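# Results of the structural survey
What follows is each chain in one-letter form.
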Amino acid sequence: MKDVINKSLACLVVFFLFLCVSLIFTGTVDYKSRFLSFLPQLSNSTFCRTGSPLRVYMYDLPRRFNVGMIDGSLPDETPVRADNFPPWKENNGLRKQHSVEYWMMASLLYNGNGEGDSGSSRVAVRVMDPELADVFFVPFFASLSFNVHGRNMTDPDTEIDIKLQSDIVNILRGSKYWQRSAGRDHVIPLHHPNAFRVHRDKVNASIFIVADFGRIMDISRLAKDVVAPYVHMVESFLSDNHEDPYEFRKTLLFFRGRTVRKEEGLVRAKLKRILGKKENVIYEEGSASEEGFRTSTQGMRSSKFCLNPAGDTPSSCRLFDAIVSHCVPVIVSDKIELPYESEIDYKEFSIFFSVKEALKPGYMLDQLKGIPKEKWIKMWLRLQNISHHFEYQYPPKKEDAVNMIWRQVREKLPSVNLAVHRSRRLKVPDWWRR
């Protein structure tokens, strides 16, 4: 036993002598990298990098695919950099709510440290060498393209949008990194329900960033794609510090928006007939204008509950307006999927009704009136606690919307790697489905 102890002590002495000599003669030694150099496969392994930032390679596309739609003053071939990245124009109206693609690209171009966002806390970092990437970001502003090129789907200008979609598909199919994974490790924002509408089936193995699955259920699914919040249209309620917020908010239930919608949104007109003239309820028609947003801001900030029925698709921007207004959301949508749901429990600050329940005369109001003040206060406090997760901003900040989205992308990596590795070795693809 003594021999074992003596040998152990001798080894420790030799080790410390080695450290001292290294510091004297070689300066600062990166022992981690020297050790991992013997294990190259492990040093570059995603499995061993669970605490590290997501490494993102961003395709260098001509400006017409992205920021050229915002600011066309620079030549198309001018590289997009942080110093020439155009600011988002606040008066862009409805284009703003689907601008997730813009904020994701901005986060990768940003080189500094935003307030509350140290370099060590960045969820995703841009890498210039594609061989080092965990995922590949495609900075095509598909949602903005749909809104900019033509006022509707029959406008001749929509051909510009369709041509951009076709060109992107050709660029990707020519990339060896796309070919290597069949696009499974590529991230493509498709937040507007009509984004990339003509050619998206050709990229449907990729990780889509979506608002919901209403119009793309045939090519998109929760297992591989990421649900991202809309960019809210009302101003955030930063001074919501009333002594008694429950009594301060006089209106029980508030809704303002278009009541004539398609598909799932048909419920809005039915709810208007049920709620339109009820006491302590505001249910009114409204449009997406500066005046409309001001009226909605005031209404949400003075209401206990904000009604969020489905729009043309299962979700709408109104939910996120309610969250940043700290107005407890009342969600009426049978097929809605919500952002960050692996990390956030929406039942802590929202009320849910099925369409069938909501259309029972008197049922929804009775349920809301029966919620005790203490429970509402708890939900209101939770809204204040989580609302920063729904803020898009530049520079990005810790745990804001874009960093939360990248976190959700990182969660998809194990299944992406499984699919990629499996496809490389199979001789009979997807034999188990036959």
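The protein goes by Exostosin family protein in an unreviewed UniProt entry, where it is assigned to Forsythia ovata. Taken directly from UniProt, the Sequence similarities (unreviewed entry) text for the protein runs: "Belongs to the glycosyltransferase 47 family." The UniProt entry for the protein carries the following text under Subcellular location (unreviewed entry): "Golgi apparatus membrane".

This paragraph deals with the sheet that holds strand β6 (residues 226-227). Spatially, β2-β1-β3-β4-β5-β6 is the arrangement adopted by the six strands of the open sheet, whose pairing is parallel. Looking at the sheet topology across the chains shown, the edges are occupied by β2 (124-126) and β6. Examined bridge by bridge, strand β1 (residues 54-58) and strand β3 (residues 135-137) share three bridges and lie parallel to one another. Paired with V56 across the strands is V135, a residue of β3.

Looking at the secondary structure, you find N84 in the loop between β1 and α4 (100-109). We classify N84 as buried; its relative accessible area is 15%. Separated by 17 residues in sequence, N84 and V67 place their C-alpha atoms 9.7 Å apart. Look past the residues within four positions of N84 in its chain and what remains in contact with it is R63, L74, T78 and P79. Here the side chain of N84 touches P79 through a polar contact of 2.9 Å, landing on its backbone oxygen.

Let us look at the pairing of strand β10 (residues 328-332). The buried fraction of β10 is high, at five of five residues. Every second residue of β10 is oriented toward a common face, with V328, V330 and V332 on one face and P329 and I331 on the other, all of them buried. Summarising the sheet, strand β9 (residues 303-309) and β10 pair through five bridges and their orientation is parallel. Counterpart to F305 in the pairing with β10 is V328. Relative to strand β11 (residues 351-353), β10 is paired through three bridges, and the arrangement is parallel. When the bridges of β11 are listed, I331 appears paired with F352.

Our focus in this paragraph is the state of the cysteines. A complete count under the given rule lists one disulfide for this structure. A disulfide bridge connects C306 with C327, and the sulfur atoms are separated by 2.2 Å. What sets the handedness of the C306 and C327 disulfide is the S-S torsion sign, and at about 105° it is right-handed. Of this pair, C306 sits in strand β9 while C327 sits in the loop between α11 (318-324) and β10, placing them 21 residues apart in sequence. Of the two residues, C306 and C327, neither departs from the other in class, the shared state being buried.

On the basis of which strands lie adjacent, the open sheet formed by five strands has the order β8-β7-β9-β10-β11 and parallel pairing. In this open sheet, the two strands that pair with only one neighbour each are β8 (281-285) and β11. Each neighbouring strand pair of the sheet contributes to a mean axis angle of 20°, computed without reference to strand direction. Across the sheet, helix α14 (residues 373-386) is in contact with β9, β10 and β11; its angle to β10 comes to roughly 95°.

Parameters at a glance
- Residues numbered from 1 in each chain as written.
- Predicted model: local features only at pLDDT ≥ 70, side-chain atom pairs only at ≥ 80, totals over all residues.
- Heavy atoms only, no water.
- UniProt positions renumbered as here; feature names shortened; annotations may be inferred.
- Pairing = 2+ DSSP bridges.
- Helix = DSSP H or I, 4+ residues; strand = E, 2+ residues; numbered from the N terminus.
- Buried < 20%, exposed > 50% of the residue type's maximum accessible area, 1.4 Å probe, protein only.
- Contact = heavy atoms within 4.5 Å.
- Polar contact = N/O pair within 3.5 Å; in protein donor to acceptor, adjacent residues only side chain to side chain.
- Disulfide = S-S within 2.5 Å.
- Axes fitted to C-alpha atoms, helices over the stretch in contact; angles between N-to-C directions.

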